[in-house]
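The residues making up each chain are set out below.
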Amino acid sequence: MNCLEFRILKLAEPYRASEEAVLHASECPGCSSFKQEIHELDDSLRTAFSVKVPEGLAAKVLLNQSLKDNPRRPTRRYWLSLAASFLVAITMMPFLPMQSLDAEIITHLDHEVHQVHGKSGDIGSGEVRNVLLAVSGETNGSLGTVTYASKCLMNGQLVAHFVVENGGETYTLMLIPEKIDSPLPFQSERWQGLVIPHSVGSLAIIATRQAESSLDFLRLAEQYSQSINHSTI
Amino acid sequence: MSDKVITNMATKESRYEKLVTAYSPWLYRYAYWLSGEKTASEDLVQETFLRAWRFLDSLKDEGSAKSWLTTILRRENARKYERKQFKYSDVDTDSISMEPTEFDARPEVSALRIALKGLPGKYREPLVLQVLEGYRLDEIALMFELPRNTVATRLHRARQKLRAVLQDDEEIKQWEYR
Ligand SMILES: [Zn+2]
């Protein structure tokens, strides 16, 4: 084996060496140090390639799969096409089931993003309580810093919309009267979040997709669902 | 549902769970070096596993699970991002340095990462498989459906290019501090 052959092999498969190659390196100082250099390069490469994996990725994958496997209720489009085929579309419209909840939330957030953006400072517990009342909810005061609170109309139903701060991240919380059967993770170009069943109906927690991708929505949703209860008034 | 169907389902679920837990970190890293961004990588991993669930019965041998999943991910990526294939050269390096928690932040590692991002995908992909997961040349060749020699040449060129970049970097540094 000559030096060129040795180096070509080293560059293609640094950690596999034939007997011939081992022999060549032992006899040729130039190639021996070349080997050393390539091994160092590979050590650095290993570090460079090792990007951080988002925490909770496996859990998210499993949740997503279990939801995909349980067919959700028919979509609004399905009902519309059904209604159209019976020529009753117009009169039926107000009674049609809503769009799927995640799509409603995304639409609502996209719509309100300018209003909500850039608020800072706690708005005070009175305002929070007032907004919660709209969905028959109340808080035990452990919501933390709330920078935005609003009663919003989302597809015909009144929802409580909050922006809260927690551990350096900003989240949107929404208390929605509509009930769901099981947790529903969702994602859009701008948002990522999770809706869970809650005594009030359902609770959505949402972050932007620029936020730390290791967000544990299940844990956060659980935390916030304990801060908000059904009103006993 | 009969008891047998339920048992089969439970077996499938536990088998699936093991695959997700064992291989999602690797698939995410691989997806990252294919697509170049966090969001796209997470989506790719999600889609890979959804597809894997549907075709789980076709995976006969658990020993080949990683290659099987990696191949699914490569195909998903080709299918989805073919047209808007990430051009690393379009990314300004600010967006890289904005993610300090993602990476080892030592300057030499940063330089290497930028060099890797500048490398064409056909060189970068086999390199990730070989360096990060210890795949052998013939295994990579099989996965990429390419002759072994072609893969060898790509790996050889990849390391040559990276060495050149790093050496240039070294020379610039020496020149700057002279
Ligand atoms: Zn030699």
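For the structure, see preceding data.
Please read all numbers here as calculations on a predicted model, not as lab measurements.

(A) A look at the overall build of chain A. When helices and strands are counted, chain A shows nine helices and eight strands. Counting only residues that meet the buried cut, chain A has 43% of its 233 residues in that class. In chain A, of all internal contacts separated by at least 6 residues, the share reaching a separation of at least 24 is 54%. Total accessible area on chain A is roughly 12,200 Å²; 55% of this is exposed by carbon and sulfur atoms.

(B) Region of interest: the packing of helix H6 (residues 121-133) of chain B against helix H7 (residues 137-144) of chain B. Residue and element names in this part refer to chain B. At a minimum axis separation of 10 Å, H6 and H7 run at an interaxial angle of 135 degrees. Accordingly, the angle class assigned to the pair H6 and H7 is oblique. Two packed elements cross with a definite hand, and for H6 against H7 that hand is right-handed. Every residue of H7 that contacts H6 at Glu-125, Pro-126, Leu-129 and Gln-130 is listed here: Ile-140, Met-143 and Phe-144. Class assignment for the residues of the contact of H6 with H7 results in five nonpolar, one polar and one charged.

(C) Representation of the interface of chain B and chain A. Listed by partner, the interface residues are 48 residues for chain B and 35 residues for chain A. Both faces combined, the contact of chain B with chain A buries some 3,800 Å², and carbon together with sulfur accounts for 64% of it. When residues of chain B are sorted by the area they lose upon contact with chain A, B:Glu42, B:Arg159 and B:Arg163 head the list and together hold 17% of the total. Linking chain B with chain A are five salt bridges. Here B:Arg159 ties to A:Asp42 by a salt bridge, and the two come within 2.7 Å at their closest N and O atoms. Broken down by secondary-structure element, the contributors of at least two residues to the side of chain B that touches chain A are helix H1 (3-35), helix H2 (38-54), helix H5 (107-118), H6 and helix H8 (148-176) of chain B.

(D) Local environment of the packing of aromatic side chains. In the structure shown here, the tally under the stated rule is five aromatic pairs over all chains. Ring centres 5.2 Å apart and planes at 85 degrees place the aromatic pair A:Phe49 and B:Trp33 in the edge-to-face group. Of this pair, A:Phe49 sits in helix H3 (residues 29-49) while B:Trp33 sits in helix H1, which puts the two residues in different chains. Taken as a pair, A:Phe49 and B:Trp33 share a single burial class, namely buried.

(E) Representation of the nonpolar core in the model. Counting 58 residues, the largest nonpolar core has A:Leu45, A:Phe49, B:Val45, B:Phe49, B:Leu116 and B:Leu127 as its most contacted members. When neighbours within four sequence positions are excluded, A:Leu45 is seen to be in contact with B:Leu112, B:Leu116, B:Leu127, B:Val131 and B:Leu162. Residues A:Val128, A:Leu132, A:Leu175 and A:Leu203 belong to the second largest nonpolar core, which totals 26 residues.

(F) Up close: the coordination of the zinc ion. All names here are of chain A. Surrounding the zinc ion are the protein donor atoms Cys-3 (SG), His-24 (NE2), Cys-28 (SG) and Cys-31 (SG), at 2.0 to 2.4 Å. Here the zinc ion binds four donor atoms, and the angle range of 101 to 115 degrees at the metal identifies the geometry as tetrahedral. Within one chain, the residues donating to the zinc ion are spaced in sequence as C-x20-H-x3-C-x2-C. Placement of Cys-3 in helix H1 (residues 3-12) and of Cys-28 in the loop between helix H2 (19-27) and H3 is noted, with a sequence separation of 25 residues between them.

Cut-off values and rules
In this numbering scheme, every chain counts its residues from 1 along its sequence in written order. Lettering of chains starts at A and numbering of ligands starts at 1, both following the order in which they are written. The predicted nature of this model means local features are confined to residues of pLDDT at least 70 and side-chain atom pairs, given and counted, to a pLDDT of 80 or more, with totals for whole chains, interfaces and linings taken over all residues. With hydrogens and water set aside, each side-chain value is computed from the structure's full complement of heavy atoms. Numbered from the N terminus, helices here are DSSP runs of H or I no shorter than four residues, and strands are runs of E no shorter than two. The buried label goes to any residue with under 20% of its type's maximum accessible area, the exposed label to any with over 50%, and the partly exposed label to all in between, with areas taken from a 1.4 Å probe on protein chains only. Pairs of residues are marked as contacts when any of their non-hydrogen atoms sit within 4.5 Å. The Shrake-Rupley method, run with a 1.4 Å probe sphere, supplies the accessible areas, and residue values consider only the shown protein chains as cover. The angle between two axes is taken between their N-to-C directions and runs from 0 to 180 degrees, where each axis is a line fitted to C-alpha atoms and a helix contributes only its stretch in contact. The scheme is simple: roughly parallel for angles under 35 degrees, roughly antiparallel for over 145, roughly perpendicular for 65 to 115, oblique for anything else. A clockwise turn of the near helix away from the far one marks a right-handed crossing, whereas an anticlockwise turn of less than a right angle marks a left-handed crossing. For this classification, the nonpolar set comprises Ala, Val, Leu, Ile, Met, Phe, Trp, Tyr, Cys and Pro, the charged set comprises Asp, Glu, Lys and Arg, and every other residue, Gly included, is treated as polar. As a working definition, buried area equals the accessible area (1.4 Å probe) given up by two parts on being put together, with both sides summed. For salt bridges, the criterion is a side-chain nitrogen of Lys or Arg within 4 Å of an Asp or Glu carboxyl oxygen. Any pair of Phe, Tyr and Trp rings, taking the six-membered ring for Trp, is counted once the centres come within 6.5 Å. Such a pair is stacked with planes under 30 degrees apart, edge-to-face with planes over 60 apart, and tilted for the rest. Take the buried residues of types Ala, Val, Leu, Ile, Met, Phe, Trp, Tyr and Cys, join any two whose side-chain atoms come within 4.5 Å, and each joined set is a nonpolar core. The donor set covers N, O and S atoms within 2.8 Å of the metal, switching to 3.2 Å for Na, K and Ca, and it leaves out water, so a site may look short of donors. Working rule for geometry: tetrahedral if four donors all subtend angles between 85 and 135 degrees; square planar for four, octahedral for six, if opposite donors exceed 155 degrees and the others stay between 65 and 115; irregular in every other situation.

Geometric descriptors of this kind do not, in isolation, establish any biological role.
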